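In case you want the letters, here they are:
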4 protein chains.
Amino acid sequence: MSTPGKPTAKAAARALAQRERILVAAQKCFVVHGFHAASMANIADTAGMSAGLIYRYFKGKNDIILAIIERQLEEARADIAKLHATSDLVAGIAEVFGQWQANDPNVTSAALFLELTAEATRDEEIAVATQASDRVFRSLLGDWFVRAVADGGLGVSQDQVATRVLILQCLIEGLAMRAISQPDLSVDQVKSALNQFLPSLLTA
Amino acid sequence: MSTPGKPTAKAAARALAQRERILVAAQKCFVVHGFHAASMANIADTAGMSAGLIYRYFKGKNDIILAIIERQLEEARADIAKLHATSDLVAGIAEVFGQWQANDPNVTSAALFLELTAEATRDEEIAVATQASDRVFRSLLGDWFVRAVADGGLGVSQDQVATRVLILQCLIEGLAMRAISQPDLSVDQVKSALNQFLPSLLTA
Amino acid sequence: MSTPGKPTAKAAARALAQRERILVAAQKCFVVHGFHAASMANIADTAGMSAGLIYRYFKGKNDIILAIIERQLEEARADIAKLHATSDLVAGIAEVFGQWQANDPNVTSAALFLELTAEATRDEEIAVATQASDRVFRSLLGDWFVRAVADGGLGVSQDQVATRVLILQCLIEGLAMRAISQPDLSVDQVKSALNQFLPSLLTA
Amino acid sequence: MSTPGKPTAKAAARALAQRERILVAAQKCFVVHGFHAASMANIADTAGMSAGLIYRYFKGKNDIILAIIERQLEEARADIAKLHATSDLVAGIAEVFGQWQANDPNVTSAALFLELTAEATRDEEIAVATQASDRVFRSLLGDWFVRAVADGGLGVSQDQVATRVLILQCLIEGLAMRAISQPDLSVDQVKSALNQFLPSLLTA
DNA sequence: TATGAATGAGCGTTCATTCAT
DNA sequence: CATGAATGAACGCTCATTCAT
């Protein structure tokens, strides 16, 4: 009231920063322990705050999970945007595969992605969020496929888009499982395989 | 000791049957609730026995999870065997996709598969088991690719096998995620996509 | 199964005994600390068991409260039955007042009665239970008023019953508050006052 | 110190106003949620101030409860004063009963009264406060009973006062419980009952 | 004076595991 | 062999209270 505007903005900024701190900590904990095994105390410790404080910024544990899903959607959107910029889809996918294999708790985790998807079969809220996220992702991929080559797209015909997107997604998401189940699979092998089979998917 | 030979064999058979009862119940519970949310009481109820009795046949909950992984290996082997028998790989994969989408607690579950794989990044024992299982699976698939056409194989050259197996696995496992994240994807669409892209993978 | 009937009956008896142990402990704790301030750990300690065990016999804390209400109803029924037997209503009420003033955690507590009634304005389940209990109590009292003198009743006319029951209840329940707020009020003073004003209530 | 006299008086007045704001808010919250279930955050919100500020005016939650008791004493004194003014005691009591049944959070609440009394059996400070309050109330009622009819009193003899006050209080406080446990009891029924039994209490 | 972010202890509850029967 | 009562540690979460701003 005394200094209008500013203090509120400052407080809002702090709140956002705190939410971010919590989400980063939660992501690490979820990657390391899994959704259910990671405790709020775990997350609080990792975030360097008391457990109770988390509830000022999130309604509960489930709320954190949903926020993490949205984070992943935004990261995915950013990745898609990069696809537009680069002509080298193979290198992009291979890089993501490398990150998944390294299992760095700070970036998108393959394990988290799998567990999240599995959880969608049990939690209605999570199901809604993941399916919505997935729809957006497919739509973005589809736009890229269908756009004219002159505009940075692939110029694929409309009746082919769904099929191509499906296969491409299977390849990418399948690599998430390979990153875990086949730790001795090298990035180069992945590149080589993709170089051999992706072109037929990407040509009009 | 008192009645040697026969009774022991009988007891061992009973023990195996009990383990099987428990595993079947556990699989159902895990599919429905997930590994961590499924309680031992749940499993005991489903198996129609007391909670305490389970500990005569398994060291603990983790021990059951490990056994479930081995069960899945067996089932995977059976699936591979069916691939040999059928000439129609596309129909086979599409059928599995349909089962995954239906999420029948009695057959291999996509969600369980994902959760299990995710868990492998956290539990060393599970990692070892899943990777061993995966190696066997790849080996069986590889054999089929490399075997002569006359012997029911595909006659693919040795230096192409790893690549082909990799792509095929990505497609199959990618469909596990599609079954969950894209519930409106029809079996026919999957068949159509596979029919378009599998041939290039399966020809020598 | 092996020894049918008996074991189940034994188990049921034990379960009932455990429920009773818990209810007795809960009543003590509720009297001493109040409904909300009494913790499940408190009750478990008082009952001489672990906190977790309580949940085998009660759904939760609210379930215990509801069971205590029913207990009180049964005790009230027993008290009413005694009224039938004795011609000395004044002595009976005065005795109850004495127990209330002593605040013995083992018998019906005035404080518990008040808190329970207050809670009924907030918890729908408790409201339903207390009102049902109250209806039964009033009905029993009314029967006694209306019954012929020859049958141990008071022979009060039908159109007078509701009024008489109302006043009598106010006097009894009012004494519950007096027992707390006026600790120096003697049982004899209560008797004297009741002897002076009850007769007009009890004559046809 | 810097501006002696006046500013201090102003500050004291402000402090009293703040205390009043808090007490009004607390009373509302206590009526709705009960003493223990009402949170300091609740009270702060209702009072339109921050939670921390309350601690400048009250030592803690218990301190607020004690202050509320004193408030009720003030209200009770006011009610007694009204009894003096009206010749119709029955109508006055019936009106209070109606307010109790309506459970208006802005006036004296029956539920709060009961909970407060119950709490007196547990908290020594509350016991002292309620008993002192009760003594004053009885004294005021007694004065009215004993005062000469010519002075607006009832002219009851000294040795009858205690008994009459006791019965009258039981009737009034008993109606507090009736208001909760017998929600279908009408104000008219109460009036009718009081009209029948009060006269014998009020005549010399 | 006033705020509200932060703490930390304690809550009700669940559940893997043990063991007397 | 089989039971299920019992434990105890941990969980997610709430809230009275404090204190830097």
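Quick caveat: nothing in here was measured; it's all calculated off a predicted structure.

J.: Which residues make up the overall build of chain A, and what values do they have?
T.: Helix and strand content of chain A: 10 helices and 0 strands. Taking the principal axes of its C-alpha atoms as reference, chain A extends roughly 60 × 45 × 30 Å. Within chain A, the proportion of its 204 residues that are buried is 47%. Taking contacts inside chain A between residues at least 6 apart in sequence as the whole, the part at least 24 apart equals 71%. With 19 positive and 22 negative side-chain charges, chain A shows a separation of 8 Å between the mean positions of the two kinds.

J.: Run through the environment of A:Lys28, naming residues and quoting values.
T.: All names here are of chain A. Within the secondary structure, Lys28 is located in helix H1 (residues 6–33). On the basis of relative accessibility, which here comes to 31%, the residue Lys28 falls in the partly exposed class. Sequence-wise, Lys28 and Leu154 are 126 residues apart; in three dimensions their C-alpha atoms are separated by 37 Å. Apart from the residues within four sequence positions on either side, Lys28 is in contact with Thr46, Pro105 and Asn106.

J.: I'd love a proper account of the domain arrangement of chain A, names of residues and values included.
T.: All names here are of chain A. For chain A, the domain assignment lists domain 1 (1–58) and domain 2 (62–202). For domain 1 and domain 2, the distance between their C-alpha centroids amounts to 28 Å. Residue-level contacts link 16 residues of domain 1 with 16 residues of domain 2. Counting the surface domain 1 buries against domain 2, the share from its top three residues, Gln27, Val31 and Phe35, is 46%. Inspection of the domain 1/domain 2 interface yields 3 residue pairs in polar contact (both at pLDDT 80 or more). Here the side of domain 1 that touches domain 2 takes 10 residues from H1, the largest share from any one element. Looking at side-chain class alone, the side of domain 1 that touches domain 2 contains 10 nonpolar, 3 polar and 3 charged residues.

J.: So what's going on with the protein's contact with DNA strand E? Residues and values would help.
T.: Within the structure, DNA strand E sits among 30 residues, and A:Arg14, A:Gln18, A:Arg56, B:Met40 and D:Arg14 are positioned closest to it. Backbone atoms, meaning sugar plus phosphate, form 64% of the atoms of DNA strand E positioned within 4 Å of the protein. Between DNA strand E and B:Lys61, the relevant distance is 3.0 Å, taken from a phosphate oxygen to a side-chain nitrogen or oxygen of the residue. Take D:Gln18: an N or O atom from its side chain is 3.0 Å from a phosphate oxygen of DNA strand E.

J.: Which residues make up the UniProt feature "DNA-binding region" (unreviewed entry) in chain A, and what values go with them?
T.: The UniProt feature table records "DNA-binding region" (unreviewed entry) at residues 39–58 of chain A. Helix makes up 75% of residues 39–58 of chain A and strand makes up 0%, while its end C-alpha atoms are separated by 14 Å.

J.: Outline the interface of chain D and chain C, supporting the account with residue identities and numerical values.
T.: At the interface, 45 residues of chain D touch 46 residues of chain C. Summed over the shared surface of chain D and chain C, the number is 6 salt bridges. We note a salt bridge from C:Arg178 to D:Asp134, for which the minimum N-O separation is 2.8 Å. Linking chain D with chain C are 12 residue pairs in polar contact (both at pLDDT 80 or more), by the criterion used here. With 15 residues, the single largest contributor to the side of chain D that touches chain C is helix H8 (residues 158–181) of chain D. Its residues assigned to classes, the side of chain D that touches chain C shows 21 nonpolar, 17 polar and 7 charged.

J.: Could you give me a rundown of the relation of the copies chain D and chain C, with the residues and numbers involved?
T.: Screw-axis analysis of chain D against chain C gives a translation of 0.0 Å along the axis, an RMSD of 0.6 Å, and a rotation angle of 178 degrees. Both copies are brought into coincidence by an operation consistent with a two-fold rotation axis. Among all residues of chain D, the one whose C-alpha sits closest to the rotation axis is D:Gly174, at a distance of 2.0 Å. Of the residues that chain D buries at the interface, 100% are likewise interface residues in chain C, meaning the two copies contact each other through the same surface.

J.: Report on helix H7 (residues 124–146) of chain B, specifying residues and quantitative values.
T.: Residue and element names in this part refer to chain B. With 23 residues, H7 should cover 33 Å at 1.5 Å per step; its first-to-last C-alpha distance of 32 Å lies within 8% of that length. Turning to H7, its buried residues are Ile126, Ala127, Ala129, Thr130, Ser133, Asp134, Phe137, Arg138, Leu141, Gly142, Trp144 and Phe145. Here H7 starts with a cap whose side-chain oxygen sits 2.9 Å from the backbone nitrogen of Glu125, and that cap is Asp123.

J.: How would you sum up the interface of chain A and chain B? Please name residues and give values.
T.: Residue-level contacts link 45 residues of chain A with 45 residues of chain B. Buried area between chain A and chain B, summed over both chains or domains, comes out near 4000 Å², and the portion from carbon and sulfur atoms is 64%. It is A:Arg122, A:Met177 and A:Phe197 in chain A that bury the most area against chain B; as a group they hold 16% of the surface buried on that side. At the surface where chain A touches chain B, the tally comes to 6 salt bridges. At the boundary of chain A with chain B, the tally comes to 12 residue pairs in polar contact (both at pLDDT 80 or more). Only H1, helix H6 (110–119), helix H7 (124–146), helix H8 (158–181), helix H9 (187–197) and helix H10 (199–202) of chain A provide two or more residues apiece to the side of chain A that touches chain B. Looking at the side of chain A that touches chain B element by element, the count peaks at 15 residues for H8(A). By residue class, the composition of the side of chain A that touches chain B is 22 nonpolar, 16 polar and 7 charged.

J.: Break down the arrangement of the chains for me, with residues and values.
T.: One thing to see here is that chain B and chain C don't touch, and their nearest C-alpha atoms sit 13 Å from each other. Taking C-alpha atoms as the reference, chain B and chain D come no closer than 31 Å and do not contact one another.

J.: Please provide a residue-by-residue account of the UniProt feature "domain: HTH tetR-type" (unreviewed entry) in chain A, values included.
T.: Under the local residue numbering, the UniProt record ascribes the feature "domain: HTH tetR-type" (unreviewed entry) to residues 16–76 of chain A. Secondary structure content for residues 16–76 of chain A is 80% helix and 0% strand, while the C-alpha to C-alpha distance between its ends is 21 Å.

J.: With reference to specific residues and values, describe the relation of the copies chain A and chain B.
T.: Once turned by 178 degrees and shifted 0.0 Å along the axis, chain A lies on chain B with an RMSD of 0.6 Å. A share of 98% of interface residues in chain A that are also interface residues in chain B marks the association as one of identical surfaces.

J.: Mind laying out the protein's contact with DNA strand F, listing which residues take part and the relevant values?
T.: Close contacts around DNA strand F come from 30 residues, with B:Arg14, C:Arg14, C:Gln18, C:Arg56 and D:Met40 the closest. Each atom of DNA strand F within 4 Å of the protein was assigned to sugar, phosphate or base; sugar and phosphate come to 68%. In the model, a phosphate oxygen of DNA strand F is placed 2.8 Å from a nitrogen or oxygen of the A:Tyr55 side chain. A distance of 2.7 Å separates a phosphate oxygen of DNA strand F from a polar atom in the side chain of C:Tyr57. Every element with two or more residues in the surface near DNA strand F is listed here: helix H3 (51–57) of chain A, helix H1 (6–33) and helix H3 (51–57) of chain B, helix H1 (6–33) and helix H3 (51–57) of chain C together with helix H3 (51–57) of chain D.

J.: Before we move on, could you go through the packing of helix H5 (residues 89–102) of chain B against helix H8 (residues 158–181) of chain B and cite the residues and values that matter?
T.: Residue and element names in this part refer to chain B. Packing of H5 against H8 leaves a shortest axis separation of 8 Å and a crossing angle of 30 degrees. One way to sum up the angle between H5 and H8 is to call them roughly parallel. Considering how the two elements wind past one another, H5 and H8 form a crossing that is right-handed. Of the residues in H8, those in contact with Leu89, Ile93, Phe97, Trp100 and Gln101 of H5 are Leu168, Ile172, Leu175, Ala176, Arg178 and Ala179. Here the contact of H5 with H8 is built from residues that sort into 9 nonpolar, 1 polar and 1 charged.

Rules used in this analysis
- Residues numbered from 1 in each chain as written.
- Chains lettered and ligands numbered in written order.
- Predicted model: local features only at pLDDT ≥ 70, side-chain atom pairs only at ≥ 80, totals over all residues.
- Heavy atoms only, no water.
- Helix = DSSP H or I, 4+ residues; strand = E, 2+ residues; numbered from the N terminus.
- Buried < 20%, exposed > 50% of the residue type's maximum accessible area, 1.4 Å probe, protein only.
- Contact = heavy atoms within 4.5 Å.
- Lys, Arg positive; Asp, Glu negative; His and termini not counted.
- Charge placed at Lys NZ, Arg CZ, Asp CG, Glu CD.
- Domains from an automatic or database assignment.
- Buried area = accessible area lost by both parts, 1.4 Å probe.
- Polar contact = N/O pair within 3.5 Å; in protein donor to acceptor, adjacent residues only side chain to side chain.
- Nonpolar A, V, L, I, M, F, W, Y, C, P; charged D, E, K, R; others polar.
- Near = heavy atom within 4 Å.
- UniProt positions renumbered as here; feature names shortened; annotations may be inferred.
- Salt bridge = Lys/Arg side-chain N within 4 Å of Asp/Glu carboxyl O.
- Least-squares fit on C-alpha atoms with pLDDT ≥ 70 in both.
- Expected span 1.5 Å × (residues − 1).
- Axes fitted to C-alpha atoms, helices over the stretch in contact; angles between N-to-C directions.
- Parallel < 35°, antiparallel > 145°, perpendicular 65-115°, else oblique.
- Left-handed = near helix turned anticlockwise from the far one by under 90°.

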